[in-house]
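Commentary on secondary and tertiary structure
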Amino acid sequence: MCGIVGFTGKLQAAPILLDGLSKLEYRGYDSAGLAVRDGDSAPVVVKAKGRLKVLSEKIDGGRTLPGTCGIGHTRWATHGEPTENNAHPHVSDDGNVVGVHNGIIENYQELKAKLEKKGYAFYSDTDTEVAVKLIDYYYKKYQVGPIDALAKTMVRVRGSYALAVMFSDYPGEIYVARKDSPMIVGVAEEGSLVASDVPAIMKYTRNVYYIGNLEMGRLTEGGVEFYDLNGDVIEKPLKDITWDAEAAEKGGFEHFMMKEIHEQPKVVGDTIRSAVREVEGRLTLDLSGTGLSDEFLKSLKQILIVACGSAYHVGVAAQYVLEDLAGVPVRVEYASEFRYRTMPLVEDSLAVIISQSGETADSLAALRHAKEKGVRTLAVVNVVGSSIAREADHVFYTLAGPEIAVATTKAYSAQLAACDLLALKLAEVRGVMPETKEQEMLRELLSIPEKIGKVLEDKERIQWFANKFLNARDVFFIGRGIDYGVCLEGSLKMKEVSYVHSEAYAAGELKHGTISLIEDGTPVIAVATQGDLYEKMISNMVEVKSRGAYLCGLTSFGNYTMEDTADFTFYVPKTDEHFAASLAVIPLQLLGYYVAVNRSLDVDKPRNLAKSVTVE
């Protein structure tokens, strides 16, 4: 959530800050601002409520704001409503410190009361202003340098933060600090950069440092230094970003969401092939890169899948696959609830933490909770060097590349493929699947990307069907087994981008109350790819149609009796039913997209949402 960009170097800072913030718009925001200083002069602070273009117009794209050192921010309101006054950057009373902040300062009211007693006045409702003035207070009280002032502040505040600040006494320098909120630092010939996420600085450098928890940094034109809480210099390895910069552009598509939907054949294929190799006609499944040993996988007594949002829905679908193929009990938990439950954790368990960004606050907290309880952890993440990746015992990297649209599509599919691979590996090492069957299923898994491509070739039928939803108030998704997990994701896609109220239900639960909501014309999407459950699904479909539902059936080619019940039927290629979720989710992603487009909504940046939820 929110976005930070900073630059100090040889170039005019304002255009770089605006460009970087534009690459972070997907994170969600309601206001924007920047502060730029020219040499020894005081920083000029400019803010605007609303979209970044409003800020850009104020300063003519940055051209009217001189200076080579500055910080910028896009704000997603947590403390204080979205106003220009509450927008970042925030400034201390005499302008000595100016700063931007992501995260939440939990004890800001206590700190604010203390600072008011010391004579500080407050103009905003934000916790960030409190943090900036606390830095100023320690800087002056103890007459220390920026690093020591930051360290004293970090010890005093509770919560999460990524801070970037400038001090009037230190022109051309930016100081940063981090705890539980993402932040990277880049170095280039033209200067040094800091940002919340990789896309903001890819245009200028691929050489980055990942600043760790409770660490600080000093950026100058000539380079970067890092410090621990004691103020001692620490060494960090320089990492190379391997993402293709063009992958962050729309590539001819109207929206990032549609571009990323079409990238799914490639990213699913890349993720699968990262672990599956063919030698002399025989396929091998190698997860040694995760660090998980065969001995540990054999000893597993339980798997906990912990995640939020779409990643949680991956877990629901994967639960059926893991239990059926590997015979391991699986529990799927919301990360936001996991650490607040008092529950016995089985010895020899594996907690699988799924997160696209690797920075999801609730998922990171759940990972730490699992480790405190002595449970081994596996991160399934997309961002190399992210917090969850660094702290997990084992990591499975999905190869989705940068995902810009707020509504996830390709990262979801890559995560699903990763879980399928884990299920097959568990079945292999535990000896519950014959080798011939494993070879057959690996070949089928390798065919999934091509079959996703075939679903996309038929997207015009989904586009036509989406017109039926233009005036819909409610939509229901029903399915059983793996299909229920797919329905959860389809319903979320509909809600988050089109703002149509939608719900997903295990189809057998309809008769236990939900069916009372069905009336004439209510759209119901029934997903039925599981052969053993197909007849039961047809029965559920008849139930809702008899009550007036407009019924869409989504099934595999060959199940043509679906057309006898459904008003509209969409077919996906046949595959092993354990992998059907990878195909069935594609039409549901497209449906949400087309309904949103038909309603003239901002598909890539839905209201009130952020790409990376880095606060609890």
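What you see is a predicted model; the values in this text were computed from it and never measured.

Attention now moves to unusual backbone geometry. Cis geometry is adopted by the peptide bond preceding Pro 89, which originates at His 88 and carries an omega value of 5 degrees. Tracing the backbone through its elements, the reader meets Pro 89 in the loop between β4 (69-75) and β5 (90-91). In this structure, Glu 280 takes a positive phi of about 50 degrees despite not being glycine. On the secondary structure map, Glu 280 appears in the loop between β16 (276-279) and β17 (282-285). Taking relative accessible area as the criterion, Glu 280 reaches 83% and is therefore assigned exposed. In this structure, Ser 600 is a non-glycine residue whose phi angle is positive, near 60 degrees. The topology assignment puts Ser 600 in the segment after α18 (581-598).

Attention now moves to the packing of aromatic side chains. As enumerated under the stated definition, the model contains 15 aromatic pairs in all. Feature note: the residues Tyr 139, Phe 167, Tyr 170 and Tyr 175 constitute an aromatic cluster, connected by ring pairs. Positioned above the aromatic ring of Phe 226, the side-chain terminus of Lys 236 is 5.8 Å from the ring centre.

Next up on the list: the pattern of salt bridges. As enumerated under the stated definition, the model contains 33 salt bridges in all. The shortest N-O distance in the salt bridge between Glu 110 and Arg 158 comes to 3.9 Å. Taken together, the residues Glu 110 in helix α3 (residues 108-117) and Arg 158 in the loop between α5 (146-156) and β7 (159-167) connect sequence positions 48 residues apart. Of the residues examined, Glu 110 reaches a relative accessible area of 40% and is grouped as partly exposed. Classification of Arg 158 by relative accessible area gives partly exposed; the value is 47%. Two residues, Glu 428 and Lys 425, come together in a salt bridge whose shortest N-O distance is 3.1 Å. You can see Glu 428 and its partner Lys 425 sitting in helix α13 (residues 410-429), 3 residues apart, about one turn around the helix.

Attention now moves to the pairing of strand β21 (residues 376-381). In terms of burial, β21 is a largely internal element, 5 of the 6 residues being buried. Both strand β20 (residues 349-355) and β21 contribute to a ladder of 6 bridges, which runs parallel. Within β21, the position partnered with Ala 351 by the bridge is Thr 377. Regarding the hand of the β-α-β motif, the stretch spanning β20, helix α11 (residues 361-372) and β21 is right-handed. As judged from the 4 bridges shared by β21 and strand β22 (residues 394-397), these two strands associate in the parallel manner. Counterpart to Ala 379 in the pairing with β22 is Val 395.

Rules behind the numbers
Residues numbered from 1 in each chain as written. Predicted model: local features only at pLDDT ≥ 70, side-chain atom pairs only at ≥ 80, totals over all residues. Heavy atoms only, no water. Helix = DSSP H or I, 4+ residues; strand = E, 2+ residues; numbered from the N terminus. Buried < 20%, exposed > 50% of the residue type's maximum accessible area, 1.4 Å probe, protein only. Phe/Tyr/Trp six-rings, centres within 6.5 Å; stacked < 30°, edge-to-face > 60°. Lys NZ or Arg CZ within 6 Å of the ring centre and 35° of its normal. Salt bridge = Lys/Arg side-chain N within 4 Å of Asp/Glu carboxyl O. Pairing = 2+ DSSP bridges. Right-handed = clockwise from strand over helix to strand, strands pointing away.

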